[in-house]
Amino acid sequence: MHDPHRARQPVIAFGMAPASTVRMLLAPRYIPRLAAMVGLFTRYGLSDFAKQQGLIALSPDSAEPGPLDGEIAERARAFRKRLVELGPAYIKLGQVLSTRPDLLPEPFVRELDRLQDDVGPIDFEDVEKTLQEEFGARISKLFASFDQEPIGTASLGQVHAATLRDGRDVVVKIQRPDIREQLIDDVAFFREVAAFLTSHTEAGRKIDMVGVIQQLERALSDELDYRIEARNAANFRRALAEFPRLLVPRVIEGYTSQRVLTMERIRGIKIDAVPHIARVEYDFTKVADEFAKAYLKQIAIDGHFHADPHPGNVFVVMPGRDNPRTPAEVAASNRRGSQREALTPLSKLEQTAQAEAVSAPVIEMPAADEPKLALIDFGMTAHLAGPVRDRIVSLLLDLADNRGHGVGETMIEMGVTLEDFDRQSYIREIANLVAQNYDLSIGEVKLGRVLYEVINISYTQGLRLPAELTLLAKALFNLDAVSAALDPTYSPIEAIREYGTRIANERAQEEMSWRRVFRTASQMNELVSALPHRLDQFTAKLAANELSMSVDSPQLGALTRSLQKVANRIFTGLVLTGLLIASGMLLPYWRGLGTAGFIIAGVIGLAMVINILVADRGAGHNR
């Protein structure tokens, strides 16, 4: 709906916003923080990024940054440390920026990746207090042992190693105290700035900034409730049960609450720290292939994927180490004739995972001396609705098969075109990009980076894309990094081509499922039930002469005028033909009148020819 008041609000172009406009339209309490945010980018050598996003234009001071000493790596390190000082919300902002290599220089992206696990620890007294409040017992009663030193820290919590009373080794993630209160005001600030940018800047017109902040809010809401992460982990353990080289640790349900998450402990090596000798001794190609196919299944079939598979969340599990078992291994070692009935939601998911691991399509089981891949941290996930998922499947297949025009068309279908969008130029640029990457050798093609470049071209050309696509690009970008760390010669594109047939079959089965047929039948039943009433309304309006039809077409007037010209020429031609026939019939009996008829017909015909020539020449000049 058009809002006349909004139309009168000033639009700020890149690099030319008056400070008075900012002070007038933004809440006064946010003005100093806005200046601080702009300074955050300009002070550490990111003034180009700030200009591109219209941030310098929004600074109440509008001051250009002064000269900055030091190498770019030092500036990136200082930038990361400053984000940590500003608090969890800014750490999350940095994590979002770490997924945008099209916006930030590579040293900044690499440095911001460390925000995943390089923040200050929580005092152990706060850890004890949280466990006491959540479970009503002291640590010594809950665990056989509990390490006071954390094995990992993050912006919202930290992880401790522990041993349960039954001897199982676990990790316990504790939420930072009072973290919700710290985030509320920062998120409100981001929300207001995003709304301001959307209404008053050119960048906000092209990027769904409000949608990005809403996505950030949903992610924070999910990550602040560890029960959601526990359910995500159980769902992914079930969804990936058919891939025997992928390990998702089980959640210890009785030791999990809103602020505490307890899972089986993984003893592995971070994907980017695997020693060179291990790469010589073991073949990681099968692991990389299963990892890529698992992600394709999550995206294309399940519509629910792990949105943050960065190297810090992926571990290589080497043979011979004491680690949890996959659902396939649990099912294979189960000697009971029948399983005990599951009583809780997560235990039911585990039973389903074991059953699906047994009935899954035949995949070569790993040998005892083969490595596996373990996935952790399921706080950030993404869901794809049916229509969006179908288009993303088409997008991935087009990327894999060098169909650049198909990529461009699919992106247009997914996005919203702005008034300055040039369709042909956009498709041509996308096709050139896809062709350039297709010519690269296997292992050089980075699917995530290609998608980021496609998104960047869409932004500059005036195509506004949904937020889900950015999350997909982030997942594929990290998928490229993990695959390259496992096997530098491996490319997920080959997996997409091989997996295309299964994707098509799964989609066809879903379309022909009884549930889909029943839903279609229900919708048809509703239509048939409502049809008599709707027909009665239609005929009543028709009888009362109240039925009207409206057609909105900007070319309808020109079409009507063209049809009228055609009709006039046809009518004139018919009159001229009749006059000629009548004159010919009169000529033997009434020579004077017949001759006059021929003269009149000749004049009319000549005038008609001249009028057609003049009118057509004028129309040609107007085109």
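Residues numbered from 1 in each chain as written. Predicted model: local features only at pLDDT ≥ 70, side-chain atom pairs only at ≥ 80, totals over all residues. Heavy atoms only, no water.

### Details of the overall build of the protein chain
Rule in force here: Going along the chain from the N terminus, every DSSP run of H or I of four or more residues is numbered as a helix, and every run of E of two or more is numbered as a strand. Between buried and exposed lies partly exposed: a residue is buried under 20% and exposed over 50% of the maximum accessible area for its type, with that area taken using a 1.4 Å probe on protein chains only. Only the protein chains shown count as covering a residue, and every accessible area follows the Shrake-Rupley method with a 1.4 Å probe.
Of the regular secondary structure elements, the protein chain holds 27 helices and 13 strands. Classification of the 623 residues of the protein chain by burial places 45% in the buried group. Of the accessible surface of the protein chain, which amounts to about 33100 Å², a share of 55% is contributed by carbon and sulfur atoms.

### Quick word on helix α18 (residues 345–359)
Note the cut-off: Take the residue count of a helix, subtract one, and multiply by 1.5 Å to get its expected span. Working note: the arc is built from the helix axis to C-beta atom directions. We call two residues contacting when some pair of their heavy atoms lies within 4.5 Å.
For α18, which comprises 15 residues, the first-to-last C-alpha distance of 21 Å matches the rise-based estimate of 21 Å (1.5 Å per residue) to within 8%. Regarding α18, the residues found buried are L346, L349, E350, A353, Q354 and A357. Viewed end-on, α18 has its buried residues packed into an arc of 140 degrees, placing them on one side of the element. The exposed residues of α18 that point more than 90 degrees off its buried face are P345, V358 and S359. Along its buried surface, α18 packs onto α14 (226–239) and α17 (327–333).

### Thoughts on the pattern of salt bridges
Quick note on the threshold: When a carboxyl oxygen of Asp or Glu is within 4 Å of a side-chain nitrogen of Lys or Arg, the pair counts as a salt bridge.
Evaluated as defined, the whole model comprises 21 salt bridges. Across the salt bridge formed by D166 and R168, the nearest N and O atoms sit 2.8 Å from each other. Using a relative accessible area of 39% as the deciding quantity, one classes R168 as partly exposed. The shortest N-O distance in the salt bridge between R245 and E290 comes to 2.6 Å. With R245 in the loop between α14 and β5 (246–247) and E290 in helix α16 (residues 285–302), the pair connects residues that are 45 residues apart, well separated along the chain.

### Points about unusual backbone geometry
In the Ramachandran plot, D178 falls in the positive-phi region, its phi being about 60 degrees despite a non-glycine side chain. Within the element layout of this structure, D178 appears in the loop between β4 (169–175) and α11 (179–200). The backbone of N402 sits at a positive phi, close to 60 degrees, despite the residue not being glycine. Looking at the element boundaries, N402 is found in the loop between α19 (386–400) and α20 (404–414).

### Considering the packing of α14 against α18
In a packed pair of helices, the relevant descriptors are the angle between the two axes and the axis-to-axis distance. Let me state the cut-off plainly: Throughout, an axis means a line fitted to C-alpha atoms (over the contacting stretch in the case of helices), and angles, computed between N-to-C directions, take values from 0 to 180 degrees. Oblique is the label for any angle not under 35 degrees, not over 145, and not in the 65 to 115 range, which are roughly parallel, roughly antiparallel and roughly perpendicular in turn. Handedness of a crossing is defined here by the sense of rotation of the near helix relative to the far one, left-handed for an anticlockwise turn of less than a right angle and right-handed for a clockwise turn. Asp, Glu, Lys and Arg are counted as charged, while Ala, Val, Leu, Ile, Met, Phe, Trp, Tyr, Cys and Pro are counted as nonpolar; the rest, among them Gly, fall into the polar class.
It is at 8 Å that the axes of α14 and α18 come closest, and there the two elements cross at 15 degrees. Here α14 is positioned roughly parallel relative to α18, judged by the angle of their axes. For the crossing formed where α14 meets α18, the hand is left-handed. Counting all contacts with α14, which are made through A230, R231, A234, N235, R237 and R238, the residues of α18 involved are L346, L349, E350, T352, A353 and E356. Tallied by class, residues from the contact of α14 with α18 come to 5 nonpolar, 2 polar and 5 charged.

### Some thoughts on the confidence of the model for the protein chain
The cut-off we apply is this: A residue's pLDDT is the confidence the predictor assigns to it, expressed on a 0 to 100 scale.
Per-residue confidence for the protein chain gives a mean pLDDT of 77, with 73% of residues at or over 70. For residues 1–24, every residue scores under 50 in pLDDT, and the model assigns this stretch 42 contacts once sequence neighbours within four places are set aside. Overall, residues 60–69 carries pLDDT values under 50, and its contacts beyond four positions in sequence, including any with other chains, amount to 16 contacts.

### With respect to the nonpolar core
Defined as follows: Residues enter a nonpolar core if they are buried and are Ala, Val, Leu, Ile, Met, Phe, Trp, Tyr or Cys, with the set joined through side-chain atoms within 4.5 Å.
Formed by 81 residues in total, the largest nonpolar core has its most connected members in I299, F305, L373, M411, Y426, L469 and L486. The biggest single contributor to this core is helix α23 (residues 467–486), with 11 residues. Apart from the residues lying within four places of it in its own chain, the contact partners of F305 are F236, Q298, I299, T381, A382, L384, L471, L472 and A475. By size, the runner-up hydrophobic cluster in this structure holds 27 residues, among which are Y44, L156, V187 and F189.

### Some points on the sheet that holds strand β7 (residues 269–270)
Strand pairs in the sheet, formed through backbone hydrogen bonds, run parallel or antiparallel to each other. Test applied: At least two DSSP bridges between two strands are required for those strands to pair.
Spatially, β5-β10-β9-β7 is the arrangement adopted by the 4 strands of the open sheet, whose pairing is mixed. Because the sheet does not close on itself, it has two edges, and the strands there are β5 and β7. With 2 bridges connecting them, β7 and strand β9 (residues 314–317) associate as antiparallel partners. Of the residues in β9, the one forming a bridge with K270 is F315.

### Quick look at the packing of aromatic side chains
Convention followed: The rule is short: rings of Phe, Tyr and Trp, with Trp giving its six-membered ring, pair when the centres are within 6.5 Å, and they are stacked under 30 degrees, edge-to-face over 60, tilted in between.
Counted by the stated rule, this structure contains 9 aromatic pairs. Between F143 and F146, the ring centres sit 5.3 Å apart and the planes meet at 55 degrees, which makes this aromatic pair tilted. With relative accessibility at 12%, the residue F146 sits in the buried group. Look at F143 and Y255: their rings are 5.3 Å apart centre to centre, the planes differ by 50 degrees, and that puts the pair in the tilted class. Of this pair, F143 sits in strand β1 (residues 143–146) while Y255 is found in the loop between β5 and β6 (260–264), placing the two residues 112 residues apart along the sequence. A connected cluster of aromatic rings, assembled from ring pairs, spans F124, F135, F143, F146 and Y255.

### Quick notes on the side chain of R237
To keep it simple, the criterion reads: Whenever a nitrogen or oxygen atom comes within 3.5 Å of another N or O atom, the pair is scored as a polar contact, on the condition that within protein one atom can donate a hydrogen and the other can accept it, and that pairs from neighbouring residues in sequence are kept only if both atoms are in side chains.
Within the secondary structure, R237 sits in helix α14. Overall, R237 belongs to the buried group, its relative accessible area being 3%. A polar contact is formed between the side chain of R237 and the side chain of E350, at a distance of 2.6 Å. Once you skip the residues sitting within four places of it in the chain, R237 turns out to touch L247, V248, P249, R250, R325, T326, P327, V330, E350 and A353.

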